[in-house]
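A closer look at the structure
Chain residues, written in single-letter form:
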Amino acid sequence: MGFVAAVGALAPFPFYYWLWTHPQSWVEMCGKGRDPSKVMAHVSHLLKLVQLLSLFSVSHNLSWPPPLYFWPLFAFGQFLNFRVYQLLGESGTYYGVRFGKSIPWVTEFPFGVIRDPQYVGSIMSLLACLSWAPFQYILLWSLGYVFMIHLESNEDPATRAKPIS
(Lines give C-alpha, C1' and ligand atoms only; values in the text may rest on other atoms or scores of the structure.)
Protein backbone atom coordinates (compact mmCIF):
# COMPACT_ATOMS: atom_id res chain seq x y z
CA MET A 1 0.00 0.00 0.00
CA GLY A 2 3.01 2.30 0.43
CA PHE A 3 3.51 3.22 -3.22
CA VAL A 4 -0.21 3.74 -3.84
CA ALA A 5 -0.49 5.92 -0.73
CA ALA A 6 2.50 8.00 -1.87
CA VAL A 7 0.94 8.52 -5.30
CA GLY A 8 -2.35 9.42 -3.62
CA ALA A 9 -0.65 11.96 -1.36
CA LEU A 10 0.82 13.65 -4.43
CA ALA A 11 -2.31 13.31 -6.61
CA PRO A 12 -3.37 16.98 -6.76
CA PHE A 13 0.02 18.51 -7.47
CA PRO A 14 0.38 17.56 -11.15
CA PHE A 15 -3.13 18.96 -11.65
CA TYR A 16 -2.25 22.23 -9.88
CA TYR A 17 1.02 22.46 -11.82
CA TRP A 18 -0.79 22.02 -15.12
CA LEU A 19 -3.42 24.63 -14.25
CA TRP A 20 -0.79 27.11 -13.09
CA THR A 21 1.40 26.68 -16.16
CA HIS A 22 -1.38 26.24 -18.77
CA PRO A 23 -4.37 28.25 -17.54
CA GLN A 24 -5.68 29.00 -21.02
CA SER A 25 -6.05 25.27 -21.73
CA TRP A 26 -8.17 24.89 -18.61
CA VAL A 27 -10.35 27.89 -19.43
CA GLU A 28 -10.95 26.50 -22.91
CA MET A 29 -11.60 23.00 -21.58
CA CYS A 30 -14.19 24.36 -19.14
CA GLY A 31 -15.83 26.22 -22.01
CA LYS A 32 -18.04 29.25 -22.17
CA GLY A 33 -20.50 29.58 -19.33
CA ARG A 34 -18.54 27.38 -16.89
CA ASP A 35 -16.49 29.07 -14.21
CA PRO A 36 -12.96 27.57 -14.37
CA SER A 37 -12.36 28.34 -10.68
CA LYS A 38 -15.54 26.53 -9.65
CA VAL A 39 -14.66 23.51 -11.80
CA MET A 40 -11.14 23.55 -10.34
CA ALA A 41 -12.64 23.63 -6.83
CA HIS A 42 -14.75 20.54 -7.56
CA VAL A 43 -11.80 18.60 -9.00
CA SER A 44 -9.58 19.77 -6.12
CA HIS A 45 -12.10 18.52 -3.54
CA LEU A 46 -12.13 15.10 -5.22
CA LEU A 47 -8.31 15.03 -5.24
CA LYS A 48 -8.26 16.09 -1.57
CA LEU A 49 -10.46 13.08 -0.81
CA VAL A 50 -7.95 10.84 -2.63
CA GLN A 51 -5.17 12.36 -0.50
CA LEU A 52 -7.07 11.82 2.74
CA LEU A 53 -7.97 8.24 1.87
CA SER A 54 -4.35 7.55 0.92
CA LEU A 55 -3.10 8.93 4.23
CA PHE A 56 -5.77 7.02 6.14
CA SER A 57 -4.72 3.78 4.40
CA VAL A 58 -1.25 3.98 5.95
CA SER A 59 -2.30 5.46 9.28
CA HIS A 60 -1.69 3.67 12.51
CA ASN A 61 -2.63 4.09 16.13
CA LEU A 62 -5.83 6.05 15.46
CA SER A 63 -6.32 6.65 19.16
CA TRP A 64 -8.26 9.46 20.77
CA PRO A 65 -7.54 11.93 22.22
CA PRO A 66 -4.61 13.03 20.08
CA PRO A 67 -1.41 14.41 21.60
CA LEU A 68 -1.56 17.96 22.93
CA TYR A 69 0.45 19.38 20.00
CA PHE A 70 -2.39 18.33 17.68
CA TRP A 71 -4.82 21.00 18.88
CA PRO A 72 -2.86 24.22 18.30
CA LEU A 73 -1.35 23.00 15.02
CA PHE A 74 -4.61 21.76 13.58
CA ALA A 75 -6.73 24.64 14.89
CA PHE A 76 -4.41 27.39 13.65
CA GLY A 77 -3.77 25.57 10.36
CA GLN A 78 -7.49 25.29 9.67
CA PHE A 79 -8.05 28.87 10.81
CA LEU A 80 -5.53 30.01 8.16
CA ASN A 81 -7.24 27.92 5.48
CA PHE A 82 -10.70 29.21 6.32
CA ARG A 83 -9.47 32.80 6.61
CA VAL A 84 -7.81 32.67 3.18
CA TYR A 85 -11.01 31.33 1.66
CA GLN A 86 -13.06 33.96 3.50
CA LEU A 87 -10.87 36.78 2.16
CA LEU A 88 -10.26 35.52 -1.38
CA GLY A 89 -13.44 33.60 -2.09
CA GLU A 90 -13.60 30.67 -4.43
CA SER A 91 -12.17 32.53 -7.42
CA GLY A 92 -9.24 33.92 -5.47
CA THR A 93 -8.46 30.61 -3.84
CA TYR A 94 -8.81 28.55 -7.01
CA TYR A 95 -6.52 30.41 -9.43
CA GLY A 96 -9.06 32.96 -10.63
CA VAL A 97 -6.30 35.45 -11.43
CA ARG A 98 -4.61 32.81 -13.61
CA PHE A 99 -7.93 32.26 -15.39
CA GLY A 100 -8.21 35.94 -16.33
CA LYS A 101 -10.40 37.12 -13.46
CA SER A 102 -9.81 40.37 -11.63
CA ILE A 103 -9.14 39.46 -8.01
CA PRO A 104 -8.59 42.36 -5.56
CA TRP A 105 -5.29 42.41 -3.67
CA VAL A 106 -5.79 41.46 -0.02
CA THR A 107 -3.63 42.78 2.83
CA GLU A 108 -5.73 41.74 5.84
CA PHE A 109 -4.43 39.07 8.22
CA PRO A 110 -3.01 36.55 7.51
CA PHE A 111 -1.82 38.15 4.26
CA GLY A 112 1.05 40.53 4.84
CA VAL A 113 1.97 38.63 8.01
CA ILE A 114 2.32 35.03 6.84
CA ARG A 115 3.63 34.28 3.38
CA ASP A 116 1.44 31.73 1.55
CA PRO A 117 -0.96 31.34 4.50
CA GLN A 118 -3.12 28.67 2.90
CA TYR A 119 -0.16 26.40 2.25
CA VAL A 120 1.30 27.14 5.70
CA GLY A 121 -2.07 26.27 7.25
CA SER A 122 -2.27 23.04 5.29
CA ILE A 123 1.24 22.00 6.33
CA MET A 124 0.45 22.81 9.97
CA SER A 125 -2.68 20.66 9.79
CA LEU A 126 -0.68 17.80 8.31
CA LEU A 127 2.01 18.07 10.99
CA ALA A 128 -0.75 17.86 13.60
CA CYS A 129 -1.52 14.36 12.31
CA LEU A 130 1.99 12.95 12.85
CA SER A 131 0.85 10.75 15.72
CA TRP A 132 -1.47 8.91 13.31
CA ALA A 133 0.30 8.88 9.95
CA PRO A 134 3.87 7.88 9.04
CA PHE A 135 6.27 10.80 8.75
CA GLN A 136 7.29 10.04 5.16
CA TYR A 137 3.71 10.53 3.88
CA ILE A 138 3.26 13.77 5.81
CA LEU A 139 6.62 14.94 4.45
CA LEU A 140 5.76 13.96 0.89
CA TRP A 141 2.42 15.77 0.99
CA SER A 142 4.07 18.83 2.59
CA LEU A 143 6.78 18.86 -0.08
CA GLY A 144 4.00 19.08 -2.66
CA TYR A 145 2.89 22.31 -0.99
CA VAL A 146 6.47 23.60 -0.87
CA PHE A 147 6.76 22.89 -4.60
CA MET A 148 3.57 24.87 -5.26
CA ILE A 149 4.78 27.77 -3.10
CA HIS A 150 7.91 27.91 -5.25
CA LEU A 151 6.00 27.59 -8.52
CA GLU A 152 3.44 30.25 -7.63
CA SER A 153 6.07 32.70 -6.37
CA ASN A 154 7.29 33.26 -9.92
CA GLU A 155 4.05 34.17 -11.66
CA ASP A 156 4.33 35.83 -15.06
CA PRO A 157 1.19 37.94 -15.69
CA ALA A 158 1.73 37.49 -19.44
CA THR A 159 0.88 33.79 -19.06
CA ARG A 160 -2.58 34.43 -17.59
CA ALA A 161 -5.56 33.11 -19.52
CA LYS A 162 -7.88 35.31 -21.50
CA PRO A 163 -11.53 34.78 -20.55
CA ILE A 164 -13.68 33.17 -23.23
CA SER A 165 -16.15 35.72 -24.54
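Residues numbered from 1 in each chain as written. Predicted model: local features only at pLDDT ≥ 70, side-chain atom pairs only at ≥ 80, totals over all residues. Heavy atoms only, no water.

Moving on to the packing of aromatic side chains. Evaluated as defined, the whole model comprises 17 aromatic pairs. Ring centres of Trp-64 and Trp-132 lie 6.1 Å apart, and the angle between their planes is 10°; this geometry places the pair in the stacked category. Taken as a pair, Trp-64 in the loop between α4 (36–57) and α5 (70–93) and Trp-132 in the loop between α6 (117–128) and α7 (135–152) lie far apart in primary sequence, 68 residues in all. By relative accessible area, which is 60% here, Trp-64 ends up exposed. Considering the side-chain rings of Phe-70 and Trp-71, the 4.9 Å spacing of their centres and the 90° angle between planes classify their relative orientation as edge-to-face. Taking relative accessible area as the criterion, Trp-71 reaches 41% and is therefore assigned partly exposed. Looking at Arg-98, its charged tip hangs above the ring of Trp-20, at a distance of 4.7 Å from the centre. (Phe/Tyr/Trp six-rings, centres within 6.5 Å; stacked < 30°, edge-to-face > 60°. Helix = DSSP H or I, 4+ residues; strand = E, 2+ residues; numbered from the N terminus. Buried < 20%, exposed > 50% of the residue type's maximum accessible area, 1.4 Å probe, protein only. Lys NZ or Arg CZ within 6 Å of the ring centre and 35° of its normal.)

Structurally, Thr-93 can be placed in helix α5. Assessed through its relative accessible area of 10%, Thr-93 is described here as buried. A polar side-chain atom of Thr-93 sits 2.8 Å from the main-chain carbonyl oxygen of Gly-89. Those residues in contact with Thr-93 that sit more than four places away from it in its chain are Val-84, Tyr-85, Leu-88 and Gln-118. (Polar contact = N/O pair within 3.5 Å; in protein donor to acceptor, adjacent residues only side chain to side chain. Contact = heavy atoms within 4.5 Å.)

Trp-26, Met-40 and Tyr-95 are the most contacted members of the largest nonpolar core, which has 36 residues in total. Elements supplying a minimum of two residues to this core: α1 (2–10), α2 (12–21), α3 (23–30), α4, α6 and α7. By residue number, the principal contributor to this core is α7, which donates seven residues. Residue contacts for Trp-26: discarding those within four places in its chain leaves Phe-15, Trp-18, Leu-19, Pro-36, Val-39, Met-40, Val-43 and Phe-99. (Core = buried A, V, L, I, M, F, W, Y, C linked by side-chain atoms within 4.5 Å.)

This paragraph deals with the side chain of Ser-44. Here Ser-44 is to be found in helix α4. For Ser-44, the residues in contact, after removing those within four places along its chain, are Phe-15, Tyr-16 and Tyr-94.

Throughout the structure, instances matching the rule amount to six salt bridges. Of the charged contacts in the structure, one is a salt bridge between Lys-38 and Glu-90, with a shortest N-O distance of 3.1 Å. Within this pair, whereas Lys-38 is found in helix α4, its partner Glu-90 is found in helix α5, the two being separated by 52 residues in sequence. Overall, Lys-38 belongs to the partly exposed group, its relative accessible area being 39%. (Salt bridge = Lys/Arg side-chain N within 4 Å of Asp/Glu carboxyl O.)

This part takes up the environment of Ala-133. As for its position among the elements, Ala-133 is in the loop between α6 and α7. Taking the relative accessible area as the measure of exposure, Ala-133 reaches 3% and is therefore buried. Taking the C-alpha atoms as reference points, Ala-133 and Trp-71, separated by 62 residues in sequence, lie 16 Å from one another. With sequence-adjacent residues up to four places away left out, Ala-133 is seen in contact with Leu-55, Ser-59, His-60 and Ile-138.

Right, let's talk about the environment of Ile-114 for a bit. Residue position: Ile-114 is located in the loop between α5 and α6. Excluding residues that lie within four positions of it along the chain, Ile-114 makes contacts with Phe-76, Leu-80, Phe-109 and Val-120.

Attention shifts here to the packing of α5 against α6. Direction vectors running N to C along α5 and α6 enclose 150°, while the axes themselves pass 7 Å from each other. Considering their axes alone, α5 and α6 lie roughly antiparallel with respect to each other. The handedness of the crossing between α5 and α6 comes out as left-handed. For the pair α5 and α6, contact is made by Phe-70, Leu-73, Phe-74, Phe-76, Gly-77, Gln-78, Leu-80, Asn-81, Val-84 and Thr-93 and by Pro-117, Gln-118, Val-120, Gly-121, Ser-122, Met-124, Ser-125, Leu-127 and Ala-128, respectively. (Axes fitted to C-alpha atoms, helices over the stretch in contact; angles between N-to-C directions. Parallel < 35°, antiparallel > 145°, perpendicular 65-115°, else oblique. Left-handed = near helix turned anticlockwise from the far one by under 90°.)

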